[in-house]
Amino acid sequence: MSVQSMMKITPIMSVALVFLFGSCSMGHRESGPQPSAESKPSAGTLEIVKREGRVIVGIGQEAAPYGYRQKGELVGFDVDIARAVAKKLQAYAERPVVLEFRAVTDETRIGWVQSGEVHMALCHINITRRRDARIDFTVPYGWDGKGILYRTVDGKRALSWFAGKTVGFKRASSSEGEIQDYFSAQGWELPRLKQFDNHAAGIQALIDGQIDGFTDDSSIVINTAMLAGRKVGPDGELAITDTLYANAQYGIGVSENNSRWRDTLNYCLHDLWESGEFMAIYNKWFGPRSMCPLPLGSNRMEPFVKG
Amino acid sequence: MTLWELFRVLWVGYPAPPEMMDPAFPVFFQRIGGLSLTLVITVMSLGIGFPLGCLLALCRREAGEGGRRSFVGRLVSRGIRSAASGFVEVVRGLPIMLLVLLVFHLPYRVAQWRAPGIILAVTAFSFYAGAYFAEVIRSGFRAVPQGLIGSGQVLGLRPMQIFMKIELPLALRAMLPDFINLAVTVFKDTSTLAVVAVAELTYTGRQLLMSQPLNYGLVLLLVLFLYWAPACLVSSMLVPRCDGGVKFRNFLGWRMLSRNRVKASANV
């Protein structure tokens, strides 16, 4: 390498290093125990919300029935829960709290909570241990399971049928790890997994025969298929396996070590449960008259005793 | 949903819910979506990116030249040149997706500043366009034969006259097709913004598919068409008009110029 080209590369390297170290040290400061900067998430998001009178919520916009567009409006279970929680939050913040949405995607929902860019995120986030290592979760406010959607043309399928078959999953979802864990625990051959950018694309690929099954949270998969005009069920065009390979619990994502904020959100959810508002919202989206009923079963919130 | 309605949604996007509006910023920028937002981001990024690119190219070209400066002067100009090269090389070296993620992440990390998506998007693509503009401009000026500059000097033209009368017109002609290429590239690359939920065309298309019983292939084709049509229009209508540049190249002979052109366009 000539001296001249070395000279050319040196400034590039130095800038790259500044970038790298800059972001490293910033990351360190963020997670460190210094209580200096007031608007850092470590200062307690509750205090920030109290001071600013606004709560910033990361909201998903691409998954029915949690957050999607209906006749142009942003609607969904997560959207309604976010609005209800923000209303309950006013009692704990002791002042009016303005709700602000920031749109997040499956790729950014965890990172933005981690960095504090959003105070909390409702984007059908499954509570998993791996995610819990990066952010914290409130108590579950939604329950679902994960099965595999398949074409009914060739009859009913059990989970074991998908061993060695091609199964699609949604990018940045936890299904990928869970399906592999389940299949290897059963001693079955692992399915060949194929990643899709969005649910609609995966379901279209399934209908076209490009993949044998498509998986993600059952409620999202079924609702997306039904919104796409497909009939889902034993007598429909598509069906979902009876057995589920994983449970899904939805939690509100909050930043790590932010105990008072997490408590407050838990109390808000509990208040919603006790006042019956939660069930009203739940029934709107998952009740018997909804598009795709999902009975609560034995799932319930267990509010802490006051006193 | 009729085809017309479909086009309308892809053109204006979905309305942002009231909770998403930030009163500190103009409502117009926060309300638009779809293809119109894609176009606004493209035009604004190119508008900001062009002066930025000129500045960067100028820094890389001018700073560090001139032998009669003091030691400190040389050090400063070398610093400016390195900074400009560093910026250009870093931005060109990053995948556009990473650049977008960085620009969306760092303002909050560094300054606790939450800006609406469109402003961050324009920032990211201005950096992107600026870095590539700088390279296009630099290669354009390098394509001007030294002999012509020399003959200008022999004729006794002042440096400014040489720049305005010889370098700039010739360089501009050489650059023009690359400018259009860059504009089309920026326009198409804005689709990466779907990852950070900026409601541009790709994201709107994704939302549309998630909410309505539509023919998947049809929507995909429509989105493709909406990306393809403006890009095609621009390149087919504007490129023939730059044949001045092409003639100029033929005049000088392809071999000499194409070396520079390949260098510039390989990265565009």
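Quick caveat, the model's predicted, so the values are computed rather than measured. (Residues numbered from 1 in each chain as written. Chains lettered and ligands numbered in written order. Predicted model: local features only at pLDDT ≥ 70, side-chain atom pairs only at ≥ 80, totals over all residues. Heavy atoms only, no water.)

1. Points about the interface of chain A and chain B
Piece 1. The interface is formed by 47 residues belonging to chain A together with 36 residues belonging to chain B.
Piece 2. When the two sides are added together, the surface that chain A and chain B hide from each other amounts to roughly 3900 Å², 59% of it contributed by carbon and sulfur.
Piece 3. Put simply, chain A and chain B have three salt bridges between them.
Piece 4. For the salt bridge of arginine 206 of chain B with aspartate 197 of chain A, the shortest nitrogen-to-oxygen distance reads 3.0 Å.
Piece 5. Connecting chain A to chain B are 14 residue pairs in polar contact (both at pLDDT 80 or more).
Piece 6. If you list the elements that add at least two residues to the side of chain A that touches chain B, you get helix 1 (3-31), strand 1 (54-60), strand 2 (68-70), strand 4 (98-104), helix 4 (109-115), helix 7 (199-208) and helix 8 (218-227) of chain A.
Piece 7. Element by element, the count of residues in the side of chain A that touches chain B is highest for helix 1 of chain A, at eight residues. (Contact = heavy atoms within 4.5 Å. Buried area = accessible area lost by both parts, 1.4 Å probe. Salt bridge = Lys/Arg side-chain N within 4 Å of Asp/Glu carboxyl O. Polar contact = N/O pair within 3.5 Å; in protein donor to acceptor, adjacent residues only side chain to side chain. Helix = DSSP H or I, 4+ residues; strand = E, 2+ residues; numbered from the N terminus.)

2. Here's the deal with the packing of helix 7 of chain A against helix 8 of chain A
Residues and elements named next belong to chain A.
Piece 1. Running from amino to carboxyl end, helix 7 crosses helix 8 at an angle of 70 degrees, the nearest separation of the two axes being 10 Å. On the basis of their axis angle, the class for helix 7 and helix 8 is roughly perpendicular. Contacts between helix 7 and helix 8 pair His199, Ala200 and Ile203 from the former with Ile220, Val221, Thr224 and Ala225 from the latter.
Piece 2. Residue composition of the contact of helix 7 with helix 8, grouped by class: five nonpolar, two polar and no charged. (Axes fitted to C-alpha atoms, helices over the stretch in contact; angles between N-to-C directions. Parallel < 35°, antiparallel > 145°, perpendicular 65-115°, else oblique. Nonpolar A, V, L, I, M, F, W, Y, C, P; charged D, E, K, R; others polar.)

3. Regarding helix 7 of chain A
All names here are of chain A.
Piece 1. Among the ten residues in helix 7, eight count as buried, and that is most of the element.
Piece 2. One side-chain oxygen of the residue at the start of helix 7 lies 3.3 Å from the amide nitrogen of alanine 200, identifying that residue as asparagine 198.
Piece 3. Following helix 7 by one or two positions, glycine 209 adopts a phi angle in the positive range, close to 85 degrees. (Buried < 20%, exposed > 50% of the residue type's maximum accessible area, 1.4 Å probe, protein only.)

4. Let's talk about the pairing of strand 1 of chain A
All names here are of chain A.
Piece 1. Burial runs high along strand 1: six of the seven residues are buried.
Piece 2. Judged from the seven bridges that link them, strand 1 and strand 4 form a sheet pairing that is parallel. Each residue of the ladder has a partner; that of glycine 58, found in strand 4, is arginine 102.
Piece 3. As judged from the three bridges shared by strand 1 and strand 5 (residues 120-122), these two strands associate in the parallel manner. Counted as the bridge partner of isoleucine 59 is leucine 122 from strand 5. (Pairing = 2+ DSSP bridges.)

5. Points about the nonpolar core
Piece 1. Counting residues in hydrophobic clusters, the biggest one holds 56 residues, and the most contacted among them are Ile41, Val100, Phe104, Leu193 and Val198 of chain B.
Piece 2. Elements that contribute at least two residues to this core include exactly helix 4 of chain A together with helix 3 (34-62), helix 4 (71-93), helix 5 (96-111), helix 6 (117-142) and helix 8 (159-189) of chain B.
Piece 3. With 15 residues, the top contributor of residues to this core is helix 6 of chain B.
Piece 4. With sequence-adjacent residues up to four places away left out, phenylalanine 104 of chain B is seen in contact with Trp112 and Glu117 of chain A together with Gly117, Leu120, Ala121, Leu193, Val196 and Val198 of chain B.
Piece 5. Core analysis: the second largest hydrophobic core is formed by 52 residues, Leu46 and Leu265 of chain A together with Met20 and Tyr203 of chain B among them. (Core = buried A, V, L, I, M, F, W, Y, C linked by side-chain atoms within 4.5 Å.)

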